[in-house]
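Report on the structure
What follows is each chain in one-letter form.
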Amino acid sequence: MYQWVSLLSLWAIPGTIAFVLLYGWQKQVPVYETFVDGAKGGLTTTIRILPHLIAMMVAVSMFRESGALDLLLRALKPLLDLLHFPEELVPLALLRPLTGTGSLAIATDLIAQYGPDSFLGRLAATMQGSTDTTLYVLTVYFGAVGIRNSAYALKVGLWSDLAGVIFSLLIVSYIFA
């Protein structure tokens, strides 16, 4: 089974590219010209959303480097102890809605430090997979199409992230603790 999955994953991308090229050729679509037009559109979108991305990355870096995260952790310690929420996972829970790369770095560090089969490693992996980069998604996608009023989407996204964190803790605690 493992060999079959490895072979499938090896040929998935080349097979998809070949299928698209053959399908376009069969439908008499100018494949190269269509690709170039799409690349132009992608470049335009990238330029349009670049200021949003830079602002978000600067804000996240300032929060982490200023010591505000450490101060917040100290303030939340009594509540975290009451809820049996590991202090080590608070940065992941807080940064996940902001940045995928930053939260992945935190999850990777936790897994490297405690091990992938530890409670913290499993909880970090589950939280990483159960939540989303809400502010990144809103910044990039809403900025790309020009949506300015994202209040409802922000509320729903952040509540969903909170639910992902809570249920990650509950499920991992129930299954692995």
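First, a word on scope: everything that follows refers to the structure included in this document. (Residues numbered from 1 in each chain as written. Predicted model: local features only at pLDDT ≥ 70, side-chain atom pairs only at ≥ 80, totals over all residues. Heavy atoms only, no water.)

**Points about the overall build of the protein**
Scanning the protein from N- to C-terminus turns up eight helices and zero strands. In terms of overall size, the protein is more extended than a compact globule, its C-alpha atoms giving a radius of gyration of 21 Å where 177 residues would be expected to give roughly 16 Å. Along the first, second and third principal axes, the C-alpha set of the protein runs to 65 × 50 × 30 Å. Expressed as a percentage of its 177 residues, the buried residues of the protein come to 26%. (Helix = DSSP H or I, 4+ residues; strand = E, 2+ residues; numbered from the N terminus. Rg over C-alpha atoms; globule rule 2.2 N^0.38 Å. Buried < 20%, exposed > 50% of the residue type's maximum accessible area, 1.4 Å probe, protein only.)

**Here we look at the packing of helix H7 (residues 134–145) against helix H8 (residues 151–176)**
Between H7 and H8, the least distance of the axes is 9 Å, while the angle of their chain directions is 150 degrees. The orientation of H7 with respect to H8, classified from their angle, is roughly antiparallel. Judged by the twist between their axes, the crossing of H7 over H8 is right-handed. Across the interface between the two elements, Thr134, Leu135, Leu138 and Phe142 of H7 pack against Ala153, Leu154, Gly157, Leu158 and Asp161 of H8. (Axes fitted to C-alpha atoms, helices over the stretch in contact; angles between N-to-C directions. Parallel < 35°, antiparallel > 145°, perpendicular 65-115°, else oblique. Left-handed = near helix turned anticlockwise from the far one by under 90°. Contact = heavy atoms within 4.5 Å.)

**Quick look at unusual backbone geometry**
With glycine set apart, most residues show a phi of negative sign, and most peptide bonds adopt trans. Residue Gln28 is not a glycine yet carries a positive backbone phi of 60 degrees. For Gln28, the position within the fold is in the loop between helix H1 (2–26) and helix H2 (31–65). According to the relative accessible area criterion, Gln28 is exposed, its value standing at 72%.

**Quick notes on H8**
For H8, with 26 residues, the first-to-last C-alpha span of 37 Å sits near the 38 Å given by 1.5 Å per residue. Of the positions making up H8, those classed as buried are Gly157, Asp161, Gly164, Val165, Ser168, Leu169 and Val172. Tucked into the core, H8 has its buried residues touching helix H3 (68–83), helix H4 (90–95), helix H6 (119–130) and H7. (Expected span 1.5 Å × (residues − 1).)

**Thoughts on a nonpolar patch on the surface**
Together, Trp159, Leu162, Ile166, Phe167, Leu170, Ile171, Tyr174, Ile175 and Phe176 make up an exposed nonpolar region whose accessible area comes to about 1000 Å². Relative to the assigned elements, Ile171 resides in helix H8. By relative accessible area, Ile171 is classed as partly exposed at 45%. (Patch = residues over 30% accessible without salt bridge, like charges linked within 9 Å, V, L, I, M, F, W, Y side chains within 5 Å. Areas by Shrake-Rupley, 256 points an atom, 1.4 Å probe, with all protein chains shown as cover. Salt bridge = Lys/Arg side-chain N within 4 Å of Asp/Glu carboxyl O.)

**Topic: the packing of helix H5 (residues 100–114) against H6**
Running from N to C, H5 and H6 cross one another at 160 degrees; their axes reach a closest spacing of 8 Å. Between H5 and H6, the angle is such that the two are roughly antiparallel. In this structure, H5 crosses over H6, and the sense of that crossing is left-handed. Of the residues in H6, those in contact with Gly100, Ser103, Leu104, Ala107, Leu110, Ile111 and Tyr114 of H5 are Leu120, Gly121, Ala124, Ala125 and Gln128. Classifying every residue of the contact of H5 with H6 gives eight nonpolar, four polar and no charged. (Nonpolar A, V, L, I, M, F, W, Y, C, P; charged D, E, K, R; others polar.)

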